[in-house]
Amino acid sequence: MPRILILNGPNLNLLGTREPDVYGRETLGDIQSLCESAGKEIGLDVDFRQSNHEGELVDWIQQASTGFDGLIINAGAYSHTSVALLDALRSVDIPIIEVHLSNIYAREDFRHHSFISAVAYGIICGLGSHGYVLAVEALAKKIAP
Ligand code: DHK
């Protein structure tokens, strides 16, 4: 069965209580369950992780080359700051989708640029948790069209 890795960056562990007007009331655990169910339905094995630490995310991205067929990433605030994540993603030869819960283009100017976008073949933002499910479905089609 194809395997995909879903990575979540800093502060996403606080979903449910953090700025619910922006990020919704679902927890990261809820989103994990949605992704796992979507994966099960399509026939994708989903490995879902979160870290507040840039270096740990870099390590996981580097490891994604072996054993994973695709990657979904919501890098949180590191999307807007991290050349290290961009470089790590460039070293990985699997399809990447960038996801944001909120519409980053309707928010502060500093959120309008994402380093991740340069290496993603698709970007989903503003659709809340449903964006993750759409990303799982899109990645499944990309991996096994
Ligand atoms: C999540 C964050 O934590 C922010 O730093 C980003 C993103 C947006 C989201 O919408 O999922 O700017």
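Scroll up to find the structure.
Overview of the structure. (Residues numbered from 1 in each chain as written. Predicted model: local features only at pLDDT ≥ 70, side-chain atom pairs only at ≥ 80, totals over all residues. Heavy atoms only, no water.)

Re the pairing of strand E4 (residues 96-100)
Next up, step 1: The buried fraction of E4 amounts to 5 of the 5 residues, a majority that puts the element mostly inside the structure.
Next up, step 2: Residues Ile 96, Glu 98 and His 100 of E4 are buried on one face, and the alternating residues Ile 97 and Val 99, pointing to the opposite face, are buried as well.
Next up, step 3: Looking at chain direction, strand E3 (residues 70-74) and E4 are connected through 3 bridges and run parallel. Opposite Leu 71, over in E4, you have Ile 96 as the bridge partner. (Buried < 20%, exposed > 50% of the residue type's maximum accessible area, 1.4 Å probe, protein only. Helix = DSSP H or I, 4+ residues; strand = E, 2+ residues; numbered from the N terminus. Pairing = 2+ DSSP bridges.)

Quick look at helix H4 (residues 83-90)
Next up, step 1: Looking at H4, one finds that the buried residues are Leu 85, Leu 86, Ala 88 and Leu 89. Down the axis of H4, the buried side of the element spans an arc of 165 degrees, and every buried residue falls inside it.
Next up, step 2: Next to the buried residues of H4 lie helix H3 (54-63), E3 and E4.
Next up, step 3: By the N-cap criterion, in which a side-chain oxygen at the helix start approaches the backbone nitrogen of a residue two or three places on, H4 is capped by Ser 82, the distance to Ala 84 being 3.4 Å. (Arc of directions from axis to C-beta. Contact = heavy atoms within 4.5 Å. Polar contact = N/O pair within 3.5 Å; in protein donor to acceptor, adjacent residues only side chain to side chain.)

Overview of the nonpolar core
Next up, step 1: Judged by nonpolar contacts, the single largest core of 23 residues is most densely connected at Ile 4, Ile 6, Cys 35, Phe 48, Ile 72, Tyr 132 and Val 136.
Next up, step 2: Taken together, the elements giving at least two residues each to this core come down to strand E1 (3-8), helix H2 (28-42), strand E2 (45-50), E4 and helix H5 (129-143).
Next up, step 3: Element by element, the count of residues in this core is highest for H5, at 6 residues. (Core = buried A, V, L, I, M, F, W, Y, C linked by side-chain atoms within 4.5 Å.)

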